[in-house]
Amino acid sequence: MALSASTLKVGDTYEEQVVEDLKRTQLVQYAGASGDYNPVHTDEVFVTKVAGYPSVFAHGMLSMGMTGKMLTNYVGDGRLTQYGVRFTRQVWPGDSLTAKATVKAVRQEEGGHIVDLDVSTVNQDGVEVVSGYASARVDP
Amino acid sequence: MAVEKFPVEASHILMFARSVGDYNEIYADEEYAKTTEPGSVIAPPTFVQASAQFDPDYFLRPKPGKPWFGSGKEPTGIKKEDSGGGGGGGGGLHAEQHYEYHRHPKPGDVLTATVKPGKKWEKQGKRSGKLLFSETVTEYRDQNGELVVTARSVGVQTERPVDQ
C-alpha cells in the first residue's frame, strides 16, 4: 500500500528488524547472488590469517540490501526514486540489525508527490552501520 | 565495471532477494506480481550490483588458470608480497553507494553498464591509517538505450585493517 502525502508528517518513522543473528550462510548466499566473491566475506581462513580481521564480515551491499527491504516495505513496490548510503561500520556474523526511515520532507516535483527519508541502520549495540537517504513517489 | 549485456532474469531476482532476506512475493511469484502496482516482477533496489556476474573481468570472482587470493591449501593463493596490501584484502572496502532509479528493472530487460571514473581523494582515518577514496559512476541502460539506474560508488583502500 502506497504512502499518502496528505497523511505523512516530517518526523514520522518506520522501522524493522532486517536480520537477527546474521549467519555466515547468508554471506555465502549474498556472494553467490551478487557475484562478489571477495574471500573477506566467506573465507574464515583467508580473512583471519591474511587480511587481519577477527572473522568474515558482511558485504556492505548486503547491509544496504537488507536496509532496502525496510524501505520497499514502507514506501511500496517500485516507488523508490533515490537510495544512497554510507557504510559506517562493518557488520559481523551474529549481528542483529534494525533499519529505520524518518520522514525529512514531503514535497511536490513535476506534478507528483515525493517523500524524502533519512535512513539509518543500527546493530544490536545501537551502533550505526548504515547511514543514508532515500526518496520515493507517494500518493497525493 | 563495464558490462555489455546484463540480462535481467526472474530466477536471479529470486535468488538475490532471498540473499538479502527479502521474501516479498513480488520478487518470487509472477502471478502475485501481476496484482501489484508495478504489474510484474521487478528487481529489488540494490539488484544492479549483481551486474558483476556479467562482467567478464570482474576481479572478485575466481577465474580458471589465474591465481585467486582466497584460501586453498594455503591461507591465500597469492604470495603475500604480490597482494598489493590494502587492509580489506583485495580491492579494499566499499565506503558509499548511491542509486537513482529512473525506473525499476524487470525480467526481460537486457541492460548495459557503462562506467565513468569520478573523483579521488585522501583522508587520514582514526581506525585504519591513511584512506584512499575513489568514486565511479555507472549508468545502466536498457535494450532501448533508455537510462534505468544511475549508480555512484565510493571505494576506499585502507592502510591497515580497520580497528574494531
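Source: prediction; values computed, not measured.

Engineer: Would you mind going over the overall build of chain A in detail, with residue names and values included?
Structural biologist: Counting secondary structure elements, chain A contains three helices and five strands. When the helices and strands of chain A are listed from N to C terminus, the series reads β-α-α-α-β-β-β-β. In terms of overall dimensions, chain A has C-alpha extents of about 55 × 30 × 20 Å along its principal axes. Within chain A, the fraction of its 140 residues that count as buried is 49%. Considering only residue pairs separated by 6 or more positions, chain A has 67% of its internal contacts joining residues 24 or more positions apart.

Engineer: With reference to specific residues and values, describe unusual backbone geometry.
Structural biologist: All names here are of chain A. Positive phi, normally seen in glycine, also occurs at D21, with a value near 50°. Note on placement: D21 falls in the loop between β1 (13-19) and α1 (24-34). Taking the number of C-beta atoms within 10 Å as the measure of exposure, D21 has 10 and is therefore exposed. Although it is not a glycine, E110 adopts a positive phi angle of roughly 50°.

Engineer: I'd like a description of the pairing of strand β5 (residues 128-138) of chain A, backed by residues and values.
Structural biologist: Taken residue by residue, a regular strand's side chains alternate between the two faces of the sheet. All names here are of chain A. Alignment of strand β2 (residues 80-87) against β5, held across seven bridges, turns out to be antiparallel. Within the sheet, the bridge partner assigned to V85 lies in β5 and is G132. In this sheet, β5 lies alongside strand β4 (residues 112-122) in antiparallel orientation, the contact comprising ten bridges. Pairing of D118 across the sheet is with Y133, part of β5.

Engineer: For the environment of R61 of chain B, give the residues involved together with the corresponding values.
Structural biologist: All names here are of chain B. As for its placement among the helices and strands, R61 is situated in the loop between α2 (30-34) and β2 (93-101). For R61, a count of 16 C-beta atoms within 10 Å gives the class partly exposed. Once the C-alpha coordinates of R61 and V149 are considered, the two residues, 88 residues apart in sequence, prove to be 24 Å apart.

Engineer: Could you give an account of the interface of chain B and chain A, naming the residues involved and the relevant values?
Structural biologist: Between chain B and chain A, the residue contacts involve 46 residues of the former and 45 residues of the latter. When residues of the side of chain B that touches chain A are assigned to their parent elements, the largest contribution, eight residues, is made by β2 of chain B. Sheet topology note: the β2 of chain A/β2 of chain B ladder contains five bridges and is antiparallel. Its bridge partner lying in β2 of chain B, G84 of chain A is registered against H98 of chain B.

Engineer: Outline the sheet that holds β2 of chain B, listing residues and values.
Structural biologist: Strand order in the open sheet formed by ten strands is β1(A)-β3(A)-β4(A)-β5(A)-β2(A)-β2(B)-β5(B)-β4(B)-β3(B)-β1(B), with antiparallel pairing between adjacent strands. Two strands close off the open sheet at either side, each with one partner strand: β1 of chain A together with β1 (3-7) of chain B. Within the sheet, the average angular offset between the axes of one strand and its neighbour, ignoring direction, is 20°. Against the sheet, helix α3 (residues 60-75) of chain A contacts β1, β2, β3 (97-109), β4 and β5 of chain A together with β2 of chain B, and its axis sits at roughly 145° relative to β2 of chain A.

Calculation rules
- The written sequence of each chain sets the order in which its residues are numbered from 1.
- In the order they appear in the text, chains get letters beginning with A and ligands get numbers beginning with 1.
- Selection of residues for local features in this predicted model requires a pLDDT of at least 70, selection of side-chain atom pairs for listing and counting requires 80 or more, and totals for whole chains, interfaces and linings are taken over all residues.
- Runs of E in the DSSP output that reach at least two residues are strands. Runs of H or I that reach at least four are helices, and both are numbered from the N terminus.
- Here exposure depends only on C-beta density: within 10 Å of a residue's C-beta, 20 or more other C-beta atoms make it buried, 12 or fewer make it exposed, and intermediate numbers make it partly exposed, the C-beta atoms being placed from the backbone.
- We call two residues in contact whenever the C-beta atoms placed from their backbones are within 7 Å.
- Should DSSP find at least two bridges between two strands, the strands are regarded as paired.
- All axes are obtained by fitting lines to C-alpha atoms, using only the stretch in contact for helices, and the reported angles, taken between N-to-C directions, cover 0 to 180 degrees.

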